[in-house]
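Here is how the chains run, residue by residue.
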Amino acid sequence: MIEIKSLSKRYKLTKQQKRERGTSGDTKHVDAVKDLNLICKPGRVFTLLGPNGAGKTTTLRMIATMLHPSSGEIKVAGFDTVTQGPEVRRRLGFLTGGTGLYDRLTANEMVKYYADLNGIDSAI
Ligand SMILES: Nc1ncnc2c1ncn2[C@@H]1O[C@H](COP(=O)(O)OP(=O)(O)OP(=O)(O)O)[C@@H](O)[C@H]1O
Ligand SMILES: [Mg+2]
């Protein structure tokens, strides 16, 4: 189960974002995720839909413990993504469109490689 409560993520604007935005609105920050609440129940497929820039990737990266929230909390199987990162990562598989794969490995070798990196017992 994934539980997200009052989740927000605020980034500092990059130089390019500052150029593009000019002087309108907040000239220092972007609120990528603002007060998000959701629950993904066990055994269910959950789809996060939204227009470009809605904060989907940011949310997934926070669930995967790659980014810390600015505020709010995320629990994966009861474990907090900020204070219990290793426990969360042990229970999570995260594959994004940008994940690089090694050409020289077969599919089986790839699975074994990542399983070894994550300390998964080869008997499983
Ligand atoms: N590292 C960063 N620094 C500054 N702003 C960022 C950063 N990453 C994302 N953003 C901004 O945060 C907002 C949300 O971006 P995010 O990539 O999470 O959206 P998305 O829903 O995944 O979009 P897409 O559908 O285009 O993949 C956007 O305004 C984006 O420009
Ligand atoms: Mg995205």
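This one's a predicted model, so the numbers in the text were calculated from it and none came from an experiment.

How each quantity is defined
Residues numbered from 1 in each chain as written. Chains lettered and ligands numbered in written order. Predicted model: local features only at pLDDT ≥ 70, side-chain atom pairs only at ≥ 80, totals over all residues. Heavy atoms only, no water. Pairing = 2+ DSSP bridges. Helix = DSSP H or I, 4+ residues; strand = E, 2+ residues; numbered from the N terminus. Near = heavy atom within 4 Å. Polar contact = N/O pair within 3.5 Å; in protein donor to acceptor, adjacent residues only side chain to side chain. Areas by Shrake-Rupley, 256 points an atom, 1.4 Å probe, with all protein chains shown as cover. Nonpolar A, V, L, I, M, F, W, Y, C, P; charged D, E, K, R; others polar. Buried < 20%, exposed > 50% of the residue type's maximum accessible area, 1.4 Å probe, protein only. Contact = heavy atoms within 4.5 Å. Axes fitted to C-alpha atoms, helices over the stretch in contact; angles between N-to-C directions. Salt bridge = Lys/Arg side-chain N within 4 Å of Asp/Glu carboxyl O.

The next point concerns the pairing of strand 3 (residues 71–76). Direction of pairing for strand 1 (residues 2–12) relative to strand 3: antiparallel, over a ladder of 5 bridges. From the neighbouring strand, Ile4 faces strand 3, where its bridge partner is Ile74. Relative to strand 4 (residues 79–80), strand 3 runs antiparallel, the two sharing 2 bridges. Bridged to Lys75 within strand 4 is Asp80. Connecting the antiparallel pair strand 3 and strand 4 is a turn made up of 2 residues, with Ala77 showing a positive phi of about 50°.

Close contacts around ligand 1 come from 13 residues, with Gly53, Gly55, Lys56, Thr57 and Thr58 the closest. Backbone polar atom of Gly53 to an oxygen atom of ligand 1: 2.8 Å apart, as the coordinates give it. The separation between an oxygen atom of ligand 1 and a polar main-chain atom of Gly55 is 2.9 Å. For ligand 1, the protein covers 66% of the area, taking 630 Å² as the surface of the free molecule. For the shell around ligand 1, the secondary-structure elements that each account for two or more residues are strand 1, strand 2 (29–40) and helix 2 (56–63). Looking at the shell around ligand 1, the element that brings in the most residues is helix 2, giving 3 residues. Of the residues belonging to the shell around ligand 1, the class tally is 5 nonpolar, 6 polar and 2 charged.

What follows covers unusual backbone geometry. Here the phi dihedral of Thr65 falls at roughly 70°; this positive angle occurs in a residue that is not glycine. Residue placement: Thr65 occurs in the loop between helix 2 and strand 3. Not every positive phi belongs to a glycine, and Ala77 is a case in point at roughly 50°. Its relative accessible area of 42% is what places Ala77 among the partly exposed residues.

Read across the open sheet, the 4 strands follow the order 2-1-3-4; overall the sheet is antiparallel. Unpaired on one side and paired on the other, strand 2 and strand 4 mark the two borders of the sheet. Sheet analysis places strand 1 next to strand 2, joined by 8 bridges and oriented antiparallel. Counterpart to Tyr11 in the pairing with strand 2 is Val30. Contacts from helix 2 reach strand 1, strand 2 and strand 3 within the one sheet, and its direction differs from that of strand 1 by about 115°.

Our focus in this paragraph is the pattern of salt bridges. As enumerated under the stated definition, the model contains 5 salt bridges in all. Arg90 serves as the salt-bridge partner of Glu87, at 3.3 Å between the closest nitrogen and oxygen. Of this pair, Glu87 and Arg90 are both found in helix 3 (residues 85–90), 3 residues apart, which corresponds to roughly one turn of the helix. Put simply, Glu87, Arg90 and Arg91 are held in one network by salt bridges that share partners.

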